[in-house]
Amino acid sequence: MLSDKVLSIAESATLATAQKARELAQTGVDVISMSLGEPDFAPPELIKEAAIKAIQDNVASYSPVPGYADLRQAISAKFKRDNNLDYNENQIVVSNGAKQSIANMIISLLNDGDEVVLPAPYWVSYFDVIKFAGGKSGVIPTDIDSDFKITPEQLDKAITDKTKLFLFSNPCNPSGTVYTKEELEALAKVFEKYPNVLIASDEIYEYIVFEGEYFSFGSIPSMKDRTITINGLSKAFAVTGWRLGYLAGPTELVQACSKIQSQFTSGANSIAQKAAIAALNAGPESVAYMKEAFLQRRNRLIKEINDRLPGVITNNPNGAFYLFPDMSCYFGKGNIKDSQDLSLYLLQEAHVAITPGEPFGAPNCMRFSYALAEDKIVEAVERIEKAVKKL
Ligand code: PMP
Ligand code: GLU
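The text that follows walks through the structure, step by step, so that each part is easy to find.

The rules behind these values
- Residues numbered from 1 in each chain as written.
- Chains lettered and ligands numbered in written order.
- Predicted model: local features only at pLDDT ≥ 70, side-chain atom pairs only at ≥ 80, totals over all residues.
- Heavy atoms only, no water.
- 1 Å grid on protein atoms, 1.4 Å probe; cavity = no way out; pocket = protein on both sides within 12 Å on 5 of 7 lines; lining within 4 Å.
- Points joined across faces, edges and corners; volume = space filled by probe spheres on them.
- Helix = DSSP H or I, 4+ residues; strand = E, 2+ residues; numbered from the N terminus.
- Nonpolar A, V, L, I, M, F, W, Y, C, P; charged D, E, K, R; others polar.
- Pairing = 2+ DSSP bridges.
- Patch = residues over 30% accessible without salt bridge, like charges linked within 9 Å, V, L, I, M, F, W, Y side chains within 5 Å.
- Areas by Shrake-Rupley, 256 points an atom, 1.4 Å probe, with all protein chains shown as cover.
- Salt bridge = Lys/Arg side-chain N within 4 Å of Asp/Glu carboxyl O.
- Buried < 20%, exposed > 50% of the residue type's maximum accessible area, 1.4 Å probe, protein only.
- Near = heavy atom within 4 Å.
- Polar contact = N/O pair within 3.5 Å; in protein donor to acceptor, adjacent residues only side chain to side chain.

### Focus: the layout of surface pockets
For step 1, the next point in the chain: In this structure, the largest pocket encloses a volume near 560 Å³.
For step 2, the next point in the chain: Residue lining of the largest pocket: 28 residues in total, with Ala10, Glu11, Ser12, Ser125 and Asp128 positioned closest to the centre.
For step 3, the next point in the chain: Residue assignment for the lining of the largest pocket shows that the elements contributing at least two residues are helix H2 (13-26), helix H5 (98-109), helix H6 (124-132) and helix H12 (339-350).
For step 4, the next point in the chain: By residue class, the composition of the lining of the largest pocket is 15 nonpolar, eight polar and five charged.

Here you go:
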């Protein structure tokens, strides 16, 4: 019954692991879920008030497909203020989450056989949406010793005459890696040799960077006209369910994304769009308390893992709310062959949900989302410690 296209892709591993945890919890089991990447904070008051006002003002009609003009102006101003990026409102399209922005972009750009270079670990959806669009991923492997960062030499080797796009998240989901300005400039030097390759920078965790100033790839002067910048409200403002993301880039691409959206979904949720104006104008200071909490939790999680799980290798990621340790020390023990088995075992035995690394292109690692209370983080690692001792 189903198309080859749909059969060729997997369900999102992050959402699938979260769903398994939910199903187990529904049977009455006390599950600690570190599977889904979503902040555990309530949305800030000012966004809630803006959403309520939009409802009361009867903001209920279809919006323009690329988003309300005042929202696109607010996004343009945000890019200037936070990122030193110059995108005018006609270079911006608002979507039902950054996930839709990414899908619009990939479908707009790829012909069958075109390649997208992805540093691994990559966010799970990149790989499957590229496949769905008929493209191929050219994966650059990295490891925990180099903080999961690619080198300019690796990039140079990965680009072929079929490469259309380079796509990465910075900060990275799942590794939490944040590239510095100097590292990005060194990668830009490589791209200067390949003028036909576009670069997509997914900056959805931009407000969750612990040390140093965040630097946007598109603000490098030679990359300005070739960079597509993706962002959204989900993580920064703790409104994952409101579904509001956006993309900015060359006008031709933005118009194509808008065309696809006009056929698939129309403009994004009108209430969320109005709330987004308030959120974007409030800026990073309004949510800095979340970042502080995530930093504490990151430190606690690393400490607990290092104290309790000998053999597991951790690093010190500078952003997002994920830790991506190498847990291959357990492979080959009991019936555990790989990260998928270990994820299932830990869910069943420890009632802790963590996401396997394999769908992120890093099969030795596992993703812990630490967007939960510190005492739950400690309890989760204690439970894992007990469970792996049985192997
Ligand atoms: N990019 C990355 C790197 C993500 O982790 C996510 C997950 N939220 C998204 C994009 C999509 O975010 P949303 O659709 O909620 O805006
Ligand atoms: N992006 C989040 C994650 O990686 C939410 C789930 C999803 O959108 O796939 O867990």
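### Observations concerning the sheet that holds strand E11 (residues 355-356)
Consider a sheet: its strands pair through backbone hydrogen bonds, and that pairing is either parallel or antiparallel.
For step 1, the next point in the chain: The strand order E9-E12-E11 describes an open sheet built from three strands, whose pairing is antiparallel. Since the sheet does not close on itself, it has two edges, and those belong to strand E9 (322-323) and E11, each with one partner.
For step 2, the next point in the chain: Pairing of E11 with strand E12 (residues 366-369), which is carried by two bridges, proceeds in the antiparallel orientation. Directly across from Thr355, in E12, lies its bridge partner Arg367.

### Regarding a nonpolar patch on the surface
For step 1, the next point in the chain: A cluster of nonpolar side chains, namely Met1, Leu2, Val6, Leu7 and Phe132, defines an oily patch on the protein surface of about 590 Å² accessible area.
For step 2, the next point in the chain: Following the sequence through the fold, Phe132 ends up in helix H6.
For step 3, the next point in the chain: Phe132 sits in the partly exposed class, given a relative accessible area of 32%.

### Section: the site of ligand 1
For step 1, the next point in the chain: If you check the shell around ligand 1, you find 14 residues, and the closest are Ala98, Asn173, Asp202, Tyr205 and Lys235.
For step 2, the next point in the chain: Contact distances for ligand 1 include 3.0 Å between an oxygen atom and a backbone N or O atom of Lys99.
For step 3, the next point in the chain: Between ligand 1 and Arg243 there is a distance of 2.7 Å, counted from an oxygen atom to a side-chain nitrogen or oxygen.
For step 4, the next point in the chain: Within the complex, the protein chains bury 93% of what would otherwise be the 390 Å² of accessible surface of ligand 1.
For step 5, the next point in the chain: The element that contributes the greatest number of residues to the shell around ligand 1 is H5, accounting for three residues.
For step 6, the next point in the chain: Among the residues forming the shell around ligand 1, the class breakdown is six nonpolar, four polar and four charged.

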